[in-house]
Amino acid sequence: MQVDPRALRFAAILTSVVLALVLILDSPWLLAAQAVVFALGAAGASPYGMIFKGIVKSPPGELEDAGPPRFAQLVGLAFALVGLVGYATQITPLALGATAAALFAAFLNAAFGFCLGCEMYLIIRRLLPAAR
Amino acid sequence: MTGMIGPAVAAATLAVAVLVGVVLRRRDGVPREARGAVERLTAGDLGAELGERATLVQFSSAFCQPCRATRRILTEVTDMVPGVAHVEIDAESRLELVRSLNILRTPTVLVLDRSGRVVKRASGQPRKADVIAALGAAVEG
């Protein structure tokens, strides 16, 4: 499957804004909403991507493979869930730390086009024993 | 629960991300001298013959956005410079080699001289001019 890289960039910007608002407003509910967005993105149905498609009608210059960004959404979901556990258990450093980590990755993608979540793939695979 | 801590964490995170982004943009994909012990790769390690004059070894993975562009750049370079081979290795299927070379990211490009010695190493998508310059060093050295 192929995706429009502009939609990915747009989604990263929205994700950065939402995650920054989670920290500023101290809102676990907003983080929960972003977790749902991450889950949908990992499933290939990013709501932010759909917003982009609704606004921008011009065709993309080139397409990108959907695999890496979907994997990165899964990494984002993992951090969001850890953050929610932090909020639920009132362990503030965990809630803020995990949300900040997700914000860090989303912002690097939004501002520099660098996919930190994608980079996690090989590192995770290296740590796992040779499965195949 | 947190008062002003949340906004402070948000601001600090964004400041660090800007810093890291700027450094990454400067350093990403720039070939550097291979550090540490001399590493030599054989045709057996690569699963392909070494180039006559030099070899560009690209480690790729399934979830790697810049790997495709890197492949295109390296192919263009090998088409242009005679005696240089481009070998692409799926990092996941060669985890032993990946661990022994301490490769953390894809794409990572190794520039080997004619004997298979690792002369330069670039992690991230390299620029074409940088690859050509690194090849020059590998062929002369």
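Residues numbered from 1 in each chain as written. Chains lettered and ligands numbered in written order. Predicted model: local features only at pLDDT ≥ 70, side-chain atom pairs only at ≥ 80, totals over all residues. Heavy atoms only, no water.

> Mind showing me how you'd approach the confidence of the model for chain A here?
As a general rule, the predicted coordinates of low-pLDDT regions are not to be interpreted in detail. Here chain A averages 94 in pLDDT, while 97% of its residues score no lower than 70. Within chain A, no element has a lower average pLDDT than strand E2 (residues 64-65) of chain A, which sits at 88, and none a higher one than helix H2 (residues 28-42) of chain A, at 98. (pLDDT = per-residue confidence, 0-100. Helix = DSSP H or I, 4+ residues; strand = E, 2+ residues; numbered from the N terminus.)

> Explanation requested: the sheet that holds strand E5 (residues 118-123) of chain B in the structure shown.
Hydrogen bonding along the main chain pairs the strands of a sheet, whether they run parallel or antiparallel. Residues and elements named next belong to chain B. Strand order in the open sheet formed by five strands is E1-E5-E4-E2-E3, and the pairing between neighbours is mixed. Looking along the sheet, the strands with just one partner apiece sit at the ends: strand E1 (32-33) and strand E3 (84-90). Sitting on the sheet, helix H5 (residues 128-140) is in contact with strand E2 (54-60), E3, strand E4 (108-113) and E5, with an inclination near 30° to E4. (Pairing = 2+ DSSP bridges. Contact = heavy atoms within 4.5 Å. Axes fitted to C-alpha atoms, helices over the stretch in contact; angles between N-to-C directions.)

> I tried to follow empty space enclosed by the protein on my own but got confused; where do I start?
In this approach a probe as big as a water molecule rolls over the atoms, and the regions it shows empty are the leftover space. All names here are of chain B. Counted according to the given criterion, the structure contains one cavity of 30 Å³ or more. Taken together, Pro-31, Val-109, Val-111, Ala-122, Pro-126, Val-131 and Ala-134 make up the full set of residues lining the largest cavity. Breaking the lining of the largest cavity down by element, the ones donating at least two residues are E4 and H5. For the lining of the largest cavity, the per-class residue count stands at seven nonpolar, no polar and no charged. (1 Å grid on protein atoms, 1.4 Å probe; cavity = no way out; pocket = protein on both sides within 12 Å on 5 of 7 lines; lining within 4 Å. Points joined across faces, edges and corners; volume = space filled by probe spheres on them. Nonpolar A, V, L, I, M, F, W, Y, C, P; charged D, E, K, R; others polar.)

> Explanation requested: helix H3 (residues 47-55) of chain A in the structure shown.
An α-helix turns once per 3.6 residues; consequently, residues spaced three or four apart project the same way. Residues and elements named next belong to chain A. Here H3 has its buried residues at Tyr-48, Gly-49 and Phe-52. Summarising the axial view, the buried residues of H3 lie within an arc of 100°, below the 170-degree limit, and thus occupy one face. Those residues of H3 that are buried are in contact with helix H1 (5-25) and H2. Among the residues of H3, the N-terminal cap falls to Ser-46, whose side-chain oxygen and the backbone nitrogen of Tyr-48 are separated by 3.3 Å. (Buried < 20%, exposed > 50% of the residue type's maximum accessible area, 1.4 Å probe, protein only. Arc of directions from axis to C-beta. Polar contact = N/O pair within 3.5 Å; in protein donor to acceptor, adjacent residues only side chain to side chain.)

> What am I meant to see in the nonpolar core here?
Burial of nonpolar side chains together is a common tendency in soluble globular proteins. With 16 residues, the main nonpolar core has Leu19(A), Leu23(A), Leu31(A), Phe38(A), Ala80(A), Tyr87(A) and Leu103(A) as its most contacted residues. Those elements giving two or more residues to this core turn out to be H1, H2, helix H4 (67-88) and helix H5 (92-112) of chain A. At five residues, the largest contribution of residues to this core is made by H5(A). What Phe38(A) contacts, discounting residues up to four positions off in sequence, is Thr15(A), Leu19(A), Gln73(A), Gly76(A), Leu77(A) and Ala80(A). Within the second largest apolar cluster, 15 residues are counted, among which are Leu97(B), Val98(B), Leu101(B) and Leu110(B). (Core = buried A, V, L, I, M, F, W, Y, C linked by side-chain atoms within 4.5 Å.)

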